[in-house]
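Now for the letters of each chain:
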Amino acid sequence: SDGLTFNGLLGTYYDQNNTPRAYFTGNTLERFDSQVNFNWGGGRPAMGFGTDDFSVIWQGRIEIEQTGDYQFSTLSDDGIRLSVDGNVLIDNFTDHAPRRDTSASINLQAGEFYEIRMEFYERGGGAVAQLEWDGPTFIRQVIPAANLSFICQPPEPEPCESGEFETNGLRG
């Protein structure tokens, strides 16, 4: 990879401007979360956020150490959606009390990285977001930080305007 690799997933937190159901809008905060293992209760996910009406997208990669069948689980209050390699495995984008949702088994290959994305929203009351898995040799657990990563890519250089060229930092 040509970028910097961080353990955990990139979490983009949206304050929704305190507007109910305006998911993934408003002011944002980005941070790296080593795991998705949050029980905010009636609290707020970060300074400047309300205790209700916020949403989060976590994204990155998951590394598989052993080939076999895996199941993913989420524990959420409220809505949750989980995709692995672009395939939606869990889709419970509804208001609900703390609830565990579990995917069907999928076969994953050792040494491979798979794209992972989890979308979450909090509408009211308590707030819980947890991402778990079970695999060929272990029972359900929160996915360890060592298996999660995010690559920050350097920005693309800005192209010069048509017909212009640079010489020693000067345009002519």
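Residues numbered from 1 in each chain as written. Predicted model: local features only at pLDDT ≥ 70, side-chain atom pairs only at ≥ 80, totals over all residues. Heavy atoms only, no water.

**Examining the overall build of the protein**
Across its full length, the protein carries zero helices and 16 strands. Seen along its three principal axes, the alpha-carbon backbone of the protein occupies a region of about 65 × 45 × 25 Å. Restricting to contacts in the protein with at least 6 residues of sequence separation, those with at least 24 account for 70%. Charged side chains in the protein number 11 positive and 26 negative. The centres of these two groups are separated by 8 Å. (Helix = DSSP H or I, 4+ residues; strand = E, 2+ residues; numbered from the N terminus. Contact = heavy atoms within 4.5 Å. Lys, Arg positive; Asp, Glu negative; His and termini not counted. Charge placed at Lys NZ, Arg CZ, Asp CG, Glu CD.)

**So, a nonpolar patch on the surface**
A contiguous nonpolar surface patch, about 270 Å² in accessible area, is contributed by Leu4, Phe6 and Phe32. Mapped onto the elements of the fold, Phe32 is located in strand E3 (residues 28-33). (Patch = residues over 30% accessible without salt bridge, like charges linked within 9 Å, V, L, I, M, F, W, Y side chains within 5 Å. Areas by Shrake-Rupley, 256 points an atom, 1.4 Å probe, with all protein chains shown as cover. Salt bridge = Lys/Arg side-chain N within 4 Å of Asp/Glu carboxyl O.)

**A closer look at the environment of Pro154**
Along the chain, the position of Pro154 falls in the loop between strand E14 (148-152) and strand E15 (166-167). Considered as a pair, Pro154 and Thr137 are 17 residues apart in the sequence and their alpha carbons are 37 Å apart.

**Some thoughts on the side chain of Arg61**
You can see Arg61 is positioned in strand E5 (residues 54-63). Buried charged residue Arg61 carries no salt bridge. Nearest counter-charge: Glu115, at 5.5 Å. When neighbours within four sequence positions are excluded, Arg61 is seen to be in contact with Thr5, Leu9, Phe113, Tyr114, Glu115, Ile116, Asn147, Leu148, Ser149 and Ile151. (Buried < 20%, exposed > 50% of the residue type's maximum accessible area, 1.4 Å probe, protein only.)

**Considering the nonpolar core**
In terms of nonpolar packing, the biggest core is built from 29 residues, with Trp40, Trp58, Ile62 and Phe72 touching the most fellow members. Of all elements in the fold, only strand E2 (9-14), strand E4 (37-41), E5, strand E6 (68-77), strand E7 (80-84), strand E11 (113-122) and strand E12 (127-135) reach the threshold of two or more residues within this core. Setting aside its immediate chain neighbours within four residues, Trp40 contacts Tyr13, Arg31, Pro45, Phe54, Trp58, Phe120, Ala127 and Ala129. (Core = buried A, V, L, I, M, F, W, Y, C linked by side-chain atoms within 4.5 Å.)

**Things to note about unusual backbone geometry**
One non-glycine residue, Arg21, lies in positive phi territory at about 65°. If you trace the backbone, Arg21 turns up in the loop between E2 and E3. For Arg21, a relative accessible area of 44% translates into the label partly exposed. Unlike most non-glycine residues, Asp53 shows phi in positive territory, near 55°. Along the chain, the position of Asp53 falls in the loop between E4 and E5. Judged by relative accessible area, which is 10%, Asp53 ranks as buried.

**Here's the deal with the pattern of salt bridges**
Summed over all chains, the structure comprises nine salt bridges. Linking Arg100 and Glu132 is a salt bridge whose minimum nitrogen-to-oxygen distance equals 2.9 Å. One end of the pair, Arg100, is in strand E9 (residues 99-102); the other, Glu132, is in strand E12, with 32 residues separating them in the sequence. Arg140 serves as the salt-bridge partner of Glu132, at 3.6 Å between the closest nitrogen and oxygen. Here Glu132 falls in the buried class, since its relative accessible area comes to 5%. Sharing partners across several salt bridges, the network here consists of Arg81, Asp91, Arg117 and Glu119.

**So, the side chain of His96**
Tracing the backbone through its elements, the reader meets His96 in the loop between strand E8 (87-92) and E9. Within the local environment of His96, its side chain forms a polar contact with the backbone oxygen of Asp78, the two atoms lying 2.8 Å apart. Among the polar contacts listed, one links the side chain of His96 to the backbone oxygen of Thr94, at a separation of 2.9 Å. Here His96 is in contact with Ser76, Asp77, Asp78 and Gly79, once residues within four sequence places are set aside. (Polar contact = N/O pair within 3.5 Å; in protein donor to acceptor, adjacent residues only side chain to side chain.)

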